[in-house]
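Breakdown of the fold
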Amino acid sequence: MSPKGRPTNDPKTLNTRIRLSEEDVKRLQFCVEKTGMTKAEVIRSGIREMYDRLKK
C-alpha cells in the first residue's frame, strides 16, 4: 500500500491529546484566524518558542 499524503522530510507520526478550557480554545482559534496557520501549526510554534526560551 502506498503512503497517503504529501511526502515530507519531517513526518508527523506521533499523536498527543490535550484538554483545553473554553478560554484556551478561543485563544487558539484567535491565533488560527490571525495567522492563517492550522491549530497544529500554532501549537507547534508555541512549543518551539517555549523551548527556545528555556534553552537560553
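**Considerations on the overall build of the chain**
- Within the chain one finds 2 helices and 0 strands.
- Whereas a compact globule of 56 residues would reach a radius of gyration of roughly 10 Å, the chain reaches 14 Å, over 25% beyond that.
- Expressed as lengths along the three principal axes of its C-alpha atoms, the size of the chain is roughly 40 × 30 × 20 Å.
- Counting every position in the chain, which comprises 56 residues, the buried fraction comes to 5%.
- Here the chain displays about 6,000 Å² of accessible surface, and carbon together with sulfur accounts for 53% of that area.
- Each charge sign in the chain was given a centre, from 14 positive and 8 negative side chains, and these centres are 4 Å apart.

**Quick word on helix α1 (residues 22-35)**
- Over its 14 residues, α1 extends 20 Å from the first C-alpha to the last, a length consistent with the 20 Å expected when each residue adds 1.5 Å.
- One or two steps after α1, the chain reaches glycine 36, where phi turns positive at roughly 80 degrees.

**Notes on a nonpolar patch on the surface**
- On the surface, a nonpolar cluster with roughly 430 Å² of combined accessible area is contributed by Ile18, Leu20, Val25, Ile43 and Ile47.
- Note on placement: isoleucine 18 falls in the segment before α1.

**Quick look at the pattern of salt bridges**
- Enumeration over the complete set of coordinates arrives at 4 salt bridges.
- The shortest N-O distance in the salt bridge between aspartate 10 and lysine 12 comes to 3.1 Å.
- Owing to a relative accessible area of 49%, lysine 12 belongs among the partly exposed residues under this scheme.
- The salt bridge partner of arginine 27 is glutamate 23, with a shortest N-O separation of 3.6 Å. Of this pair, arginine 27 and glutamate 23 both sit in helix α1, 4 residues apart, which is roughly one turn of the helix.
- In this structure arginine 27 comes out as partly exposed when scored by relative accessible area, which is 49%.
- Owing to a relative accessible area of 40%, glutamate 23 belongs among the partly exposed residues under this scheme.
- When salt bridges with common partners are traced through the structure, they connect Glu23, Asp24 and Arg27 into a single cluster.

Reading guide: rules and limits
Residues numbered from 1 in each chain as written. Predicted model: local features only at pLDDT ≥ 70, side-chain atom pairs only at ≥ 80, totals over all residues. Heavy atoms only, no water. Helix = DSSP H or I, 4+ residues; strand = E, 2+ residues; numbered from the N terminus. Rg over C-alpha atoms; globule rule 2.2 N^0.38 Å. Buried < 20%, exposed > 50% of the residue type's maximum accessible area, 1.4 Å probe, protein only. Areas by Shrake-Rupley, 256 points an atom, 1.4 Å probe, with all protein chains shown as cover. Lys, Arg positive; Asp, Glu negative; His and termini not counted. Charge placed at Lys NZ, Arg CZ, Asp CG, Glu CD. Expected span 1.5 Å × (residues − 1). Patch = residues over 30% accessible without salt bridge, like charges linked within 9 Å, V, L, I, M, F, W, Y side chains within 5 Å. Salt bridge = Lys/Arg side-chain N within 4 Å of Asp/Glu carboxyl O.

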